[in-house]
Amino acid sequence: MSDVHVYYFQNNPEQTKYARELWERIRREFPELRIYTFWDRPIGPHPVAMFEVNLFTPAQFGAFIPWLAIWRGPLSVLVHPNTTEEDISIAERELKNHTSRAIWMGERLPLDVARFRMFAQAQAHQQAQSAASNVQASG
């Protein structure tokens, strides 16, 4: 349903401590959620260190997001849906999910969305080549 990315500045000892304690608290208080690695560096399109929590149901979203709004402290949070449209590429879908469909708590951080755009362009090029090959093969 949704991914939640909790960001902290890895070179800031206070934020790192707060983020680690929050990650541990979420693991204790929300054991039903999928809680990923506590990254100590930027990863993927994320500009600073973070950890990720997956929400699978509206009930989990309804319980966790208001709790996080209160307890996130100085940390920024990106909440984005995981949609499953069939009519657009995975890369286009991920770009939309991480940008126009995203919800932010705290300071909005700039994501490196160029990787989504490059992947979408590569997919479109591959599809065009495949379509051209199919036309030649049937001709």
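In this text, all values refer to a predicted model and were calculated from it rather than measured experimentally.

What follows concerns the sheet that holds strand β3 (residues 49-55). Pairing within the open sheet is antiparallel, and its five strands lie in the order β2-β3-β1-β4-β5. Because the sheet does not close on itself, it has two edges, and the strands there are β2 (34-35) and β5 (103-105). Sheet topology note: the strand β1 (residues 2-8)/strand β4 (residues 76-81) ladder contains six bridges and is antiparallel. Its bridge partner being in β4, Val6 is matched across the sheet by Val77. Packing against the sheet, helix α1 (residues 13-29) makes contact with β1, β2 and β3, and its axis sits at approximately 20° to β3.

Our focus in this paragraph is the side chain of Glu52. Relative to the assigned elements, Glu52 resides in strand β3. There is a polar contact of 3.1 Å between the side chain of Glu52 and the side chain of Asn54. Among all residues touching Glu52, those that are not within four sequence positions of it are Asp3, Val4, His5, Arg34, Ile35, Tyr36 and Thr37.

Scanning the model with the defined rule gives seven aromatic pairs in all. Note on Tyr7 and Trp104: the rings are 5.8 Å apart at their centroids and 20° apart in plane angle, and the pair reads as stacked. Here the residue Tyr7 occupies a position in strand β1, and Trp104 occupies one in strand β5, the gap between them amounting to 97 residues. Taking the relative accessible area as the measure of exposure, Trp104 reaches 17% and is therefore buried. Through a chain of ring-to-ring contacts, the aromatic side chains of Tyr8, Trp23, Phe38 and Phe51 assemble into a single cluster.

Cut-offs applied
- Residues numbered from 1 in each chain as written.
- Predicted model: local features only at pLDDT ≥ 70, side-chain atom pairs only at ≥ 80, totals over all residues.
- Heavy atoms only, no water.
- Pairing = 2+ DSSP bridges.
- Helix = DSSP H or I, 4+ residues; strand = E, 2+ residues; numbered from the N terminus.
- Contact = heavy atoms within 4.5 Å.
- Axes fitted to C-alpha atoms, helices over the stretch in contact; angles between N-to-C directions.
- Polar contact = N/O pair within 3.5 Å; in protein donor to acceptor, adjacent residues only side chain to side chain.
- Phe/Tyr/Trp six-rings, centres within 6.5 Å; stacked < 30°, edge-to-face > 60°.
- Buried < 20%, exposed > 50% of the residue type's maximum accessible area, 1.4 Å probe, protein only.

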